[in-house]
Amino acid sequence: MCGRVTVRTSPAQLVAELELAGARATLERARFNLCPTQLLPVVPNDGARLLDVFRWGLIPSWAKDASIGNKLINARGETVAEKPSFRSALKRRRCLVVVDGWYEWKQSTKPKTPYFFHHRDGKPLALAGLWEEWTAPDTGEVLRTCTIITTGPNALMAPIHDRMPVILSPEGQSVWLRPEPQEASVLLPLLVPAPEAPLDVYEVARGVNSPANDSPECVARIAA
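Residues numbered from 1 in each chain as written. Predicted model: local features only at pLDDT ≥ 70, side-chain atom pairs only at ≥ 80, totals over all residues. Heavy atoms only, no water.

Chemist: Whenever I open this one, the overall build of the chain confuses me. Can you help?
Modeler: Per the secondary structure count, the chain includes four helices and 13 strands. For the chain, whose C-alpha radius of gyration is 17 Å, the value lies close to the compact-globule estimate of 17 Å for 224 residues. When its C-alpha atoms are laid out on the principal axes, the chain stretches across 50 × 40 × 35 Å. When contacts within the chain are restricted to residue pairs at least 6 apart in sequence, those whose partners lie at least 24 apart make up 68%. In the chain, the 26 positive side-chain charges and the 24 negative ones have mean positions that sit 5 Å from each other. (Helix = DSSP H or I, 4+ residues; strand = E, 2+ residues; numbered from the N terminus. Rg over C-alpha atoms; globule rule 2.2 N^0.38 Å. Contact = heavy atoms within 4.5 Å. Lys, Arg positive; Asp, Glu negative; His and termini not counted. Charge placed at Lys NZ, Arg CZ, Asp CG, Glu CD.)

Chemist: How do you make sense of the pattern of salt bridges when you look at a structure like this?
Modeler: Opposite charge on two side chains permits pairing when their charged atoms draw close. Inspection of the entire model under this criterion finds ten salt bridges. Of the charged contacts in the structure, one is a salt bridge between Arg31 and Asp214, with a shortest N-O distance of 2.5 Å. Here Asp214 lies in the segment after β13 (199-203) and Arg31 lies in strand β3 (residues 31-34), a separation of 183 residues in the sequence. A residue is classified by how much of its surface remains accessible, and Arg31, at 10% relative accessible area, is buried. Its relative accessible area of 18% is what places Asp214 among the buried residues. (Salt bridge = Lys/Arg side-chain N within 4 Å of Asp/Glu carboxyl O. Buried < 20%, exposed > 50% of the residue type's maximum accessible area, 1.4 Å probe, protein only.)

Chemist: Sorry if this is basic, but what is going on with the sheet that holds strand β9 (residues 113-119) here?
Modeler: In a beta sheet, neighbouring strands are held together by backbone hydrogen bonds and run either parallel or antiparallel to one another. The sheet built from five strands is open, its strands ordered β3-β1-β8-β9-β13 with antiparallel pairing. The two strands at the open ends of the sheet, each matched to only one other strand, are β3 and β13. If you compare each strand with its neighbour and ignore which way they point, the axes differ by 25 degrees on average. Two strands pair when backbone bridges link them, and β9 and β13 are joined in this way by five bridges, in the antiparallel orientation. (Pairing = 2+ DSSP bridges. Axes fitted to C-alpha atoms, helices over the stretch in contact; angles between N-to-C directions.)

Chemist: Where do I start with the pairing of strand β4 (residues 39-44) in this structure?
Modeler: The side chains of a regular strand alternate, first on one face of the sheet and then on the other. Counting buried positions over the six residues of β4 gives five, a clear majority of the element. In this antiparallel pair of consecutive strands, β4 and strand β5 (residues 50-56), the connection spans five residues, and Gly47 shows a positive phi of 90 degrees. Taken together, the three bridges between β4 and strand β7 (residues 94-99) define a ladder with antiparallel strand orientation. If you follow Val42 over to β7, its bridge partner there is Val97.

Chemist: Where do I start with the nonpolar core in this structure?
Modeler: It is characteristic of soluble globular proteins that their nonpolar side chains tend to be buried jointly. Counting residues in each nonpolar core, the largest one holds 28 residues, and the members touching the most others are Val5, Leu40, Val97, Val99, Trp102 and Ile167. If you list the elements that add at least two residues to this core, you get β1 (5-7), β4, β5, β7, β9, β10 (125-135) and β11 (142-151). In this structure, Ile167 is in contact with Trp102, Leu125, Ala126, Leu127, Ala194 and Leu199, ignoring residues within four places of it in sequence. (Core = buried A, V, L, I, M, F, W, Y, C linked by side-chain atoms within 4.5 Å.)

Chemist: When you look at the layout of surface pockets in this model, what are you seeing that I'm missing?
Modeler: Remark: the empty space left among the atoms is shown by a probe the size of a water molecule rolled over them. The computed volume of the largest pocket comes to approximately 580 Å³. Forming the walls of the largest pocket are 26 residues, and the residues nearest its centre are Ile167, Leu168, Ser169, Pro170 and Gln173. Taken together, the elements giving at least two residues each to the lining of the largest pocket come down to β10 and α3 (170-176). Counting residues per element, the lining of the largest pocket draws most heavily on α3, which supplies four residues. Taken together, the residues that form the lining of the largest pocket break down as 17 nonpolar, five polar and four charged. (1 Å grid on protein atoms, 1.4 Å probe; cavity = no way out; pocket = protein on both sides within 12 Å on 5 of 7 lines; lining within 4 Å. Points joined across faces, edges and corners; volume = space filled by probe spheres on them. Nonpolar A, V, L, I, M, F, W, Y, C, P; charged D, E, K, R; others polar.)

See below:
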């Protein structure tokens, strides 16, 4: 599961790092403990290559109410092409979810211990995501929502948790952002664990457990 992320990189840096055309919308501030139901930076596959912000937690277009999004913050790469909630989006509505790190908790300790995963060089990570547009039947409000695709762990992740987000390479990003419908046979080979070498992990304080805490202290390294 991937349920907490950081977005400390400025929108201008994200645009430059990912070679985007610009930004349609951005976060108002740096985020050190961003949670589901909040806005995430994304690049949808609409052909514009623009940074945007969608709500975290996918709401399929056919959903009767928005509460289903609370359960669809992640999609398993192994079954994403089969699940009714995701298969249409996989074919037609893909996005990059742009973060610069994520938290995961080691369950074998009591209490569980939080860790922070990030790129060794501080570069942003382009996670494989899906997006949907949903219209509230009672108010007509239109929501754009997204989910993060997960896969099995690499060697760095395995001691902490058995799932990790799919991190796309530049080549994978190009395929993922194609605006035309894509077959699963083209996309599923991209949904694999990222190499360990570019990534780093360290323990952080348990204050990150609370969504109310969203400050630089969340990502402070605990000395070994």
